[in-house]
Amino acid sequence: MHSHRQGWPLKAALAGAILIGIAPVGGSFAKDGRDGEAAADRADKALEKAARDASRAEERAAREQSRYMDERARIMDRAVREPVKAQEDLAKLDADRSKDQAKAAEDAAKDSADLAKDLAKAQEDAARAALDSAQDAADDDQLLGDSRDMRDLGEAESPEFDERGFPVRRGEIVALDLKVGSRQPLEQAGFTILGGEHLSAIGGDVTRLAVPEGVSVGNALRRVREIDPDGTFDYSHYYGLQITPSGSGGRRATGSLTRHAGKLTIGMIDTAVMDHAALRGATLTVHDFGGSPDTAPVEHGTAIASLLVNDGASQLYVANIFRGGADRPYTSAESLVRALEWMVANHVPVVNISLAGPPNAILDRLVERTIAKGTLIVAAAGNGGPSAPPAYPAAVRPVVAVTAVDGRMRVYRYANQGRYIMVASNGVDEPAAQAKGGIGRFSGTSFATPHVTAWMARCLQGHDGATCISRLRESARDLGQPGFDRVYGFGYVK
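Residues numbered from 1 in each chain as written. Predicted model: local features only at pLDDT ≥ 70, side-chain atom pairs only at ≥ 80, totals over all residues. Heavy atoms only, no water.

Draft legend 1. Quick peek at unusual backbone geometry. Put simply, Tyr-392 and Pro-393 share a cis peptide bond, and its omega is 15 degrees. Tracing the sequence through the fold places Pro-393 in the loop between β12 (376-380) and β13 (400-405). Within the chain, Asp-177 stands out as a residue other than glycine whose phi angle is a positive 55 degrees. Tracing the backbone through its elements, the reader meets Asp-177 in the loop between β2 (167-176) and α4 (180-188). The residue Asp-429 is not glycine, and still its phi comes out positive at about 55 degrees. Looking at the secondary structure, you find Asp-429 in the loop between β14 (421-426) and β15 (430-433). (Helix = DSSP H or I, 4+ residues; strand = E, 2+ residues; numbered from the N terminus.)

Draft legend 2. The pairing of strand β7 (residues 264-270), seen in detail. Buried residues dominate β7, accounting for six of its seven residues. Relative to strand β9 (residues 313-320), β7 is paired through seven bridges, and the arrangement is parallel. Its bridge partner being in β9, Ile-266 is matched across the sheet by Leu-316. The pairing of β7 with strand β11 (residues 350-353) spans three bridges and is classified as parallel. Note that in β11 the partner of Gly-267 across the bridge is Val-351. (Buried < 20%, exposed > 50% of the residue type's maximum accessible area, 1.4 Å probe, protein only. Pairing = 2+ DSSP bridges.)

Draft legend 3. Quick peek at the sheet that holds β11. Sheet architecture is open: seven strands sit in the order β8-β9-β7-β11-β12-β13-β14, paired in parallel fashion. Both outer strands of the open sheet, β8 (283-288) and β14, are each paired with one neighbouring strand and no more. Pairs of neighbouring strands in the sheet enclose a mean axial angle of 25 degrees, with direction left out of account. Examined bridge by bridge, β12 and β13 share three bridges and lie parallel to one another. Across the sheet, Ala-379 pairs through a bridge with Ala-401, a residue of β13. Along the sheet, helix α10 (residues 465-475) contacts β12, β13 and β14; its crossing angle with β14, the most-contacted strand, is approximately 65 degrees. (Axes fitted to C-alpha atoms, helices over the stretch in contact; angles between N-to-C directions. Contact = heavy atoms within 4.5 Å.)

Encoded structure:
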């Protein structure tokens, strides 16, 4: 006859050991950005599930122990009258208990393996997020002092400069969705409201503030952020067609462009566009936001328009936001904002943008809102070179940032690089319309971007934006290092 054994919560002990051995790992997950937070959340949820499983296992083990002891007591009560039967019943009871023990051990081992696998995956994701965060910080650090190629933008307007040396409108800062309660303290501090614009299509209000006399825009920006710490304020930055002028010119080519069939509706925010044979058959709806339509630059916009039409655009919404000379056109953040509002109001599905500049809190948020409203943005990655800082608005996360490759799939030598690059397309010696007539050849990320914009417009005829971005990544032909990389993004798109 088997001896009486006290207590046997084996599965509870094993499940508890899972937590004892692994739970401290949860504290090691770095929460670097949204991806890091997601990894930490997955680890926390895995540990919480393990804790729940251990608690349930302990409760089950306690119930099994109680049933075992009760059944054993009943058998022992019959042992005097039926010793043989009692011995058989006890043997069966212990055999069943052994099976339950083996099953509990098997389940606990599986739970332990699953938890270890979940935590290892979360740890891997957290490590990748930490690396990405460090790279993002390095990208952001590059912005400091790397603005030499933009310092001459807007010279005619006598700009001031922000902390990184980027030109900004003199004596003016901008607010997004300024609270009514903030107006009085700002005016008491010497700020004057110059005007504002309600963005009914995008959603939001932009307010221009004149800084107090004798105060630099840098000090003024710090002051308004002290007055309204929860508000969104920034400079009125200037933007150019390129971070550097490298490769932005064109050279003569022979022949004409071969147009691809299509009935695509596309928007472009660029310079003005000249009438050209390459644009015949397409309908252009034009609006000037640059303020000087009679002297607006036309070379860049004409080339971009011809590439879009060549790739199937039959309806173009053209927003000129540039002013200044043809050799160094420039624009400012509020012109770009007005153009985005116009695009959203006209329900343009996708917009091609070929300009570059520094990050701007207000512009970046309005770009995000534009995309949230259903108007996708495809933007040139910039022509500042491999070590250049990220170019905006291309580097705003929801934007599709495009780099350029030549006919041999080599990256354009002046192209920006960085984690914000999504895909690459042909942009070296690309044939496009010249404003003065004929066809020229152009190089730069600006001239790769229209190919991807047209690809997106075609996809959007049957799918939503999120689906098209996923399809764009999946359909890209991998170049460079296997998988995503900082040079080609997800790869080449024709």
